[in-house]
Structures are given as C-alpha cells and as structure tokens.
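# Results of the structural survey
Residues per chain are reported as follows:
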Amino acid sequence: DSLGRVLAENHYVPADVPPADNGAVDGYALRKQDLHGDRPIPVSARIPAGEAPKPLEPCTAARIFIGSEIPEGADSVVMQERIEVTESGILVQAEVDEGQNIRRRGQDLTRGDLALAKGTQVRPNEMGLLASMGVARVAVLARLKVAILATGDELVDPGTPLGPGQIYNSNRFTLMGLLTEAGCEVVLCETLRDKREATRETLQRAAEAADLVITSGGVSVGEEDHVRAVLEESGSLSLWKMAIKPGKPVAFGAIGGTPVLGLPGNPGSVLVTFLIRQGRNPKPLSGERIPADFTIDSPSIRREFVRARKESRGSGPVVAAYPNQSSGILSSTCWADGLAVVPENSTVSPGDLLTYYSFAE
C-alpha cells in the first residue's frame, strides 16, 4: 500500500543485508589452498539455501546453491559449470581466485546505515529494499489534497457538443493526471465562470476543502481574468509573472491560509508550468546535457522550456524541438518526451549543448 507514497521517517538498516556470506552461483565451496593439481577433492556436505552450515571439513568441498550460506573455512565458490564430478570427488577445471562468487555479509546494506531518507517517494524498488530489511509497515505522509479550478465561460466537458465560441476543458484532465501521478488526492474539480463573485466564492470553498488550490487561466491581464484580482482582494498575492516561456502569467498566493497556484490557461503552458514548479525530495533534478538539433535565432529575456525529445543520430543523441512551440499546441506535449531549457538572452544553433529534462524525471 506504500506504492507512490512519500516516506514520513528515515529508515536505518536494522541488520546487515545479506546477514551472512552466501553463494552467488550454484557450485562448490572450498579452500583455494586445498587445490592440488588433478587430485579430486571429496564432497563432505550439501548446503541448501536456508540451512545453517557446519564448518567445512579440511581438504573437502561443500555442494552449495545460489543463496546458500558459505560454511566457515571456505574462501571460494566454483560454479558447477567449471567442475567435473567423479566418484572420488570433484575436479576443478578453472583458475580459482580467493573470494570468487561469494556475496559478502552486508555488501548490500550495513547495519546502522541510512537506507531511505524521509521524503523519498516509494517505488517498487524501495518496496523491495524495505522488505529486504524486514520492514513490514512504513509511515507515509498523508496525500496532499488538491482542488482544481479551470476558468472560462468557453469551457465545456468532453462528451458535450460544442456551441459557438466553446472549447473542451483539457486542462482539467491534464492536471488530474499529473496530480494523481504525483500521489495527490483531487478533492474538488470544477469550472470557474468568468464572474468576480463566483470566482471568489468558489476559491474560498476550494481553500476550505484542500491543502492546495490549482487554477488554470484567470491570472493574466484580461478584463475577465478574475483569479489574480480575487487573490489580491480576499487573500494574498506573493508572486505574479515569471520570466519563463511558456507560462509568463503564473501567480502564487493564498486564501484563508491555503496556498493557491495560478497557472496560465493555455494547455501547453499548464503542463510546462506544473512540471517546473514541482519540488521533489531528496534529490534535485539534474537533467542531461545534449546537443540541440534546432535553431533559435531571436534571443528572449525569458527562460524558455522547449517541448522536445531525444533522437538518435550517427554522432549520438540530440534533442529535437517540436516545430510549433505555441502554448496552445497541446499535441506538442504528446510528440515530445521532455523539455529542453534555453537560457534567457540566448540563441541556439545545432550542436549547442542544452539541459534536457525528460517528462519521466
């Protein structure tokens, strides 16, 4: 049940993993010093995985399997493919290095070490690691409760015939998917009509129900953009406008103590601004440095997040840009598999190195 959740506590290793030296292959455990030319070595024991072995008798070998505990006195394991079995014992048909094919006690995790830090999002990988330490239950943070409010009289839900001047509400579903993928709980999802009082009432109601309110649209400079005005009148506005492209009219404030993140209304801007406004612990995003396969001739005072994807060329990977970077082109986000960052006041020529973030990251 912890899958996708965020750990609320640090997890330290309670005991070494593995708890004892064990075999990495099916084969025979022996002492290297007992090998003498073509003389067979008698087999004195058979050690299935899960059984505690007795010490190895001198000048003998023990039949072991992957995961079998190494008997005291053995210092090497020879895989069975390098062994000839005779009536008198085994003949080793390969060079033997001391310590070969042995997984040492604690080689994965050492008792007392920090295995997983508070704030780590649990993937199947972390589930397996916790289980390997014997952890049966974990404390996780409560899911963030988020309200989604898409603004605009022109918006109608998919499945409804379009009337004059209407468009389908895509932002609602983009945000629902992004939030669900991020492990959040969407507790309210409504359309805000372009009326000041209706906007105020719905924002206040959403703030009471959620830990965070996310709006799309209504934060620009139009006469029908009421979200920013309501934040200023009935709450607080901490930030408005960022030097990024797409997504300049981003707003951040609060109503009744609940944070409100105001995203632009254009669908491409919604996806980009949501992604770059996220914060993930404990590791910051690193991105990749990849040569560009496109050109930007006119520098912008804004930092641009180009919808792009990695492609292979003869010389290696490059990052290609979708031809139309208009913030209203949602199909570009399906063609792309990430974002390439063009620094402010910069031009781009093919071959220039750009930082690239995959959508998966």
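Whatever comes next refers back to the structure up there.
Description of the structure in this document. (Residues numbered from 1 in each chain as written. Predicted model: local features only at pLDDT ≥ 70, side-chain atom pairs only at ≥ 80, totals over all residues. Heavy atoms only, no water.)

Glancing now at the sheet that holds strand E4 (residues 43–47). Strand order in this open sheet of four strands is E4-E5-E3-E6, and the pairing throughout is mixed. Every other strand in the sheet has two partners, leaving E4 and strand E6 (76–79) as the edge strands with one partner each. Adjacent strand axes in the sheet meet at a mean angle of 30°, parallel and antiparallel pairs treated alike. Sheet topology places strand E3 (residues 27–30) next to E6; four bridges connect them, and they run antiparallel. Counted as the bridge partner of Leu30 is Ser76 from E6. (Pairing = 2+ DSSP bridges. Helix = DSSP H or I, 4+ residues; strand = E, 2+ residues; numbered from the N terminus. Axes fitted to C-alpha atoms, helices over the stretch in contact; angles between N-to-C directions.)

It is worth spelling out the sheet that holds strand E14 (residues 185–192) at this point. Pairing within the open sheet is mixed, and its six strands lie in the order E14-E11-E15-E19-E18-E16. Edge positions in the sheet fall to E14 and strand E16 (236–240), since each of these pairs with one other strand and no more. Across the sheet, the axes of successive neighbouring strands diverge by a mean angle of 20°, strand direction being ignored. Packed onto the sheet, helix H2 (residues 171–181) meets strand E11 (145–151), E14, strand E15 (212–216) and strand E19 (258–263) and runs at close to 165° relative to E11. Each of E11, E14, E15, strand E18 (251–255) and E19 is contacted by helix H3 (residues 196–209), which is oriented at about 175° to E14, the strand it contacts most. (Contact = heavy atoms within 4.5 Å.)

What follows covers helix H5 (residues 267–276). Of all 10 residues making up H5, nine are buried, and the element is well covered by its neighbours. What H5 keeps buried is the set Pro267, Gly268, Ser269, Val270, Leu271, Val272, Thr273, Phe274 and Leu275. (Buried < 20%, exposed > 50% of the residue type's maximum accessible area, 1.4 Å probe, protein only.)

Inspection of the sheet shows strand E7 (residues 83–86) paired to strand E8 (residues 89–92) by four bridges, in the antiparallel sense. If you follow Glu84 over to E8, its bridge partner there is Leu91. Between E7 and E8, which pair antiparallel and follow one another directly, the connecting turn spans two residues.

This paragraph deals with the pattern of salt bridges. Across all of its chains, the model carries 17 salt bridges by this definition. Salt-bridge contacts for Arg196 lead to Glu233; the nearest nitrogen and oxygen are separated by 2.8 Å. One end of the pair, Arg196, is in helix H3; the other, Glu233, is in helix H4 (residues 227–234), with 37 residues separating them in the sequence. When its relative accessible area of 47% is taken as the criterion, Glu233 is described as partly exposed. Residue Glu311 pairs with Arg309 through a salt bridge whose shortest N-O separation is 2.9 Å. By relative accessible area, Arg309 is classed as partly exposed at 26%. Salt bridges linked by common partners bring Arg196, Glu197, Arg200 and Glu233 together as one network. (Salt bridge = Lys/Arg side-chain N within 4 Å of Asp/Glu carboxyl O.)

On to the environment of Cys189, then. Assignment of secondary structure puts Cys189 in strand E14. Through-space distance from the C-alpha of Cys189 to that of Glu69 is 56 Å; in sequence the pair is 120 residues apart. When near neighbours in sequence (up to four residues on either side) are disregarded, Cys189 contacts Ile148, Arg172 and Met176.

On to the environment of Ile290, then. Looking at where Ile290 falls in the secondary structure, it is placed in strand E20 (residues 288–291). For the pair Ile290 and Ala340, spaced 50 residues apart in the sequence, the C-alpha separation amounts to 8.9 Å.

Following the criterion strictly, the structure yields one aromatic pair and no others. A centroid spacing of 5.3 Å and a plane angle of 65° characterise the contact between Tyr322 and Trp335, whose relative ring orientation is edge-to-face. Taken together, the residues Tyr322 in the loop between strand E22 (316–321) and helix H6 (331–335) and Trp335 in helix H6 connect sequence positions 13 residues apart. The residue whose ring lies beneath Arg228 is Trp240, and the NZ or CZ to ring-centre distance is 3.8 Å. Between Lys241 and the ring centre of Trp240, over which it is positioned, the NZ or CZ distance is 4.5 Å. (Phe/Tyr/Trp six-rings, centres within 6.5 Å; stacked < 30°, edge-to-face > 60°. Lys NZ or Arg CZ within 6 Å of the ring centre and 35° of its normal.)

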